[in-house]
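Here's the letter readout for the chains.
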Amino acid sequence: VDSNFSCQLKLQLIWFDQRLTYNNLKKDSNYNTLSEEERNKVWTPKIIFSNTEKMDGLKNDERAHATILDNGNFLIASDDSLDNAFLYKGSENPITLTRAYKVDFICNFDMMWYPFDTQHCFMNISMEGNSDIFVDLVPGYIEYKGPIDLAQYYIRSKDIQREDITVAIRFSLGRRLLSTFLTTYVPTLLLNIIALSTNYFKDFFFEAVVSVNLTAMLVLATMFIGGKHTQIKIHCNNCAL
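A brief structural summary. (Residues numbered from 1 in each chain as written. Predicted model: local features only at pLDDT ≥ 70, side-chain atom pairs only at ≥ 80, totals over all residues. Heavy atoms only, no water.)

Considering all chains together, one arrives at 1 disulfide under this definition. A sulfur-sulfur distance of 2.1 Å marks the disulfide that ties C107 to C121. Its S-S torsion of about -80 degrees marks the bond between C107 and C121 as left-handed, since a negative value means left-handed. Taken together, the residues span a long stretch of sequence, with C107 in the loop between β7 (95–106) and β8 (118–127) and C121 in strand β8 at a distance of 14 residues. The class of C107 is buried, set by a relative accessible area of 3%. Residue class for C121 comes out buried when judged on its relative accessible area of 0%. (Disulfide = S-S within 2.5 Å. Helix = DSSP H or I, 4+ residues; strand = E, 2+ residues; numbered from the N terminus. Buried < 20%, exposed > 50% of the residue type's maximum accessible area, 1.4 Å probe, protein only.)

Encoded structure:
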């Protein structure tokens, strides 16, 4: 079994920056969208997906979308200011950065209780380097919009929690027993019955007995090899922190 699962997700980060002051924010955050130049000037958290092969991290590129939320508190600019503006503190009005990702997470599958196994796959999000000294990751919420029934598994449960300095999103996967029995156990049983039944053929059919048994062995070997190269793909959208 490949020790990874593929996930499509939309990650939303929300943080406050007390060093910033905003002018004339709108109630609708869509009108408070930051341009690419503004996004490059604003500090962004150095987030990484810690249980990926290459430790993929947060990307603040043209596919990212940043807005500022208006929480309603503002100050009026002083009379000596050239601009007549409402001033909003960065410590009270958060920045929201959203971007879609396609990530392959490492997941160690425990097949001891196959086919009655339950797999727990994680999406671990943490700060890069020593950034966790200055930033605390706080779990938000997770929303799964994909199908509950997957190719070989189904989504039993999902949750998000903080573990030390890491935010862990867990998917618990249960195996679909009907699919496993119909595609593995039933064909295996039938092939073995067919192969064993050739023991009762007369000696005249020796060549047919050999051909049937060899064919059954090859098919069983192919099924066994095919079962070892199974990849789980989870399509997850809108994971917000």
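Moving on from the coordinates now.
On to helix α2 (residues 177–197), then. Counted at 1.5 Å a residue, the expected span for α2 with its 21 residues is 30 Å, and the 28 Å between its end C-alpha atoms agrees. A maximum bend of about 30 degrees is found in α2 at Y185, where proline P187 lies one to four positions downstream. Within the sequence span of α2, burial applies to T180, L191 and A195. (Expected span 1.5 Å × (residues − 1). Bend = angle between axes of the 7 residues up to and from the residue.)

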